[in-house]
Structures are given as structure tokens and as C-alpha cells.
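Now for the letters of each chain:
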Amino acid sequence: MVVIVIPSAWCAVGGIQNPSLQCTAETVGGAIDWLVEAYPVLKPRVLAEPGRLVSWVNLYVGEHDVRALQGLDTVVPTNSEIVVLPALAGG
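S.K.: Looking at this model, I keep getting lost on the overall build of the chain. Mind explaining?
M.R.: Counting secondary structure elements, the chain contains three helices and seven strands. For the chain, the succession of helices and strands along the chain, N to C, is β-α-β-α-α-β-β-β-β-β. Taken over C-alpha atoms, the radius of gyration comes to 12 Å for the chain, in line with the 12 Å a tight globule of 91 residues would show. Structurally, the chain occupies a C-alpha span of about 30 × 30 × 25 Å along its principal axes. Taking all 91 residues of the chain together, 37% fall into the buried category. Relative to all contacts within the chain whose residues are 6 or more apart in sequence, the contacts with residues 24 or more apart total 50%.

S.K.: Can you help me understand the nonpolar core in this one?
M.R.: Note on soluble globular proteins: their nonpolar side chains tend to be buried together. Ile-6, Val-28, Ile-32, Leu-35 and Leu-59 are the most contacted members of the largest nonpolar core, which totals 27 residues. Listing elements by their share of this core, those giving two or more residues are strand E1 (2-5), helix H1 (8-14), strand E2 (20-23), helix H2 (28-38), strand E5 (57-61) and strand E7 (81-86). Among the elements that take part in this core, H2 stands out by supplying five residues, more than any other. Sequence-distant contacts of Leu-59, that is, excluding residues within four places in its chain, are made with Val-28, Ile-32, Leu-53, His-64, Asp-65, Val-66, Leu-72, Val-83 and Val-84.

S.K.: Looking at this model, I keep getting lost on the pattern of salt bridges. Mind explaining?
M.R.: Side-chain pairing between opposite charges can occur once the charged atoms of the two side chains come close. If you walk through the whole model with that rule in mind, you get one salt bridge. Glu-49 serves as the salt-bridge partner of Arg-52, at 3.5 Å between the closest nitrogen and oxygen. Using a relative accessible area of 42% as the deciding quantity, one classes Glu-49 as partly exposed.

S.K.: Would you mind going over the side chain of Ser-80 with me for this structure?
M.R.: Relative to the helices and strands, Ser-80 is located in the loop between strand E6 (64-65) and E7. Apart from residues lying up to four places away in sequence, Ser-80 is in contact with Met-1, Val-2 and Val-3.

S.K.: Would you explain the packing of aromatic side chains in this entry?
M.R.: Between two aromatic rings, the relevant description is the distance of the centres plus the angle of the planes. Applying the stated criterion across every chain yields a total of one aromatic pair. Seen from their ring centres, Trp-34 and Tyr-39 are 6.3 Å apart, and the 80° between their planes marks the pair as edge-to-face.

Reading guide: rules and limits
- Within each chain, residue numbers correspond to sequence positions counted from 1 in written order.
- Where totals are concerned, whole chains, interfaces and linings use all residues; where local detail is concerned, this predicted model gives features only for residues with pLDDT of at least 70, and gives and counts side-chain atom pairs only at 80 or more.
- Side-chain descriptors were evaluated using all non-hydrogen atoms of the structure, hydrogens and water having been removed beforehand.
- Only DSSP runs of H or I covering at least 4 residues are called helices, and only runs of E covering at least 2 are called strands; the numbering of each starts at the N terminus.
- For the radius of gyration, the atom set is restricted to C-alpha positions; the globular benchmark scales as 2.2 Å times the number of residues to the power 0.38.
- For every residue, the accessible area (1.4 Å probe, protein chains only) is compared with the maximum for its type, and the residue is labelled buried under 20%, exposed over 50%, or partly exposed between those bounds.
- By definition in these notes, contact holds between two residues if any of their heavy atoms fall within 4.5 Å.
- Only buried residues count toward a nonpolar core, which is a set of Ala, Val, Leu, Ile, Met, Phe, Trp, Tyr and Cys residues joined through side-chain atoms within 4.5 Å.
- Each reported salt bridge corresponds to a side-chain nitrogen of Lys or Arg within 4 Å of a carboxyl oxygen of Asp or Glu.
- Under the pairing criterion, centres of Phe, Tyr and Trp rings, with the six-membered ring standing for Trp, must be within 6.5 Å; the plane angle then separates stacked pairs below 30 degrees from edge-to-face pairs above 60, leaving the rest tilted.

Shape descriptors only; they carry no functional weight alone.
Spelled out as C-alpha cells, the structure:
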């Protein structure tokens, strides 16, 4: 299993009880595909188009930003955690 940790603010938008969601996926892209299929309201918050992340969201596998790895093709070891971290704005 892979755990996807989403921002708690997204839980209210998606009607999600727990920000830690479990799925089976071999890649980050597979996990994100599962996420947006299970919770379609989150799709515009994560994907600009199929296979491309929106620019204001970073995904981490462990401590590594997937953009510095293989992007959505990054392999996710079993029992890994993918953290979804949107950019913060303000002053």
C-alpha cells in the first residue's frame, strides 16, 4: 500500500474524513490517477491535464520532490508515503 497525504483543507472540499489515503500504485502517477478518480473534485487542484501536475503543487516521496526524480513516473516503493504540498501564498 501507498499512503497519499493531502492537505487537511482539501478534506473539507472533497468530503474526505482522513488526510492520509491508502491506495495501491507502482508510480506517483498511478497514485495520483487513483486520487483524482476516487475524489474528482481534487483533480483541478493536482493536474493541469492528464500526466501533468499543476505548477503550484509539489509531491514528495519521502524527502524527495518528484520533479527532481522522474516526475509522475517516479516508482513508489511499497509502504511509501506521497505528500501533496501546495504552495502557500500571503505575506
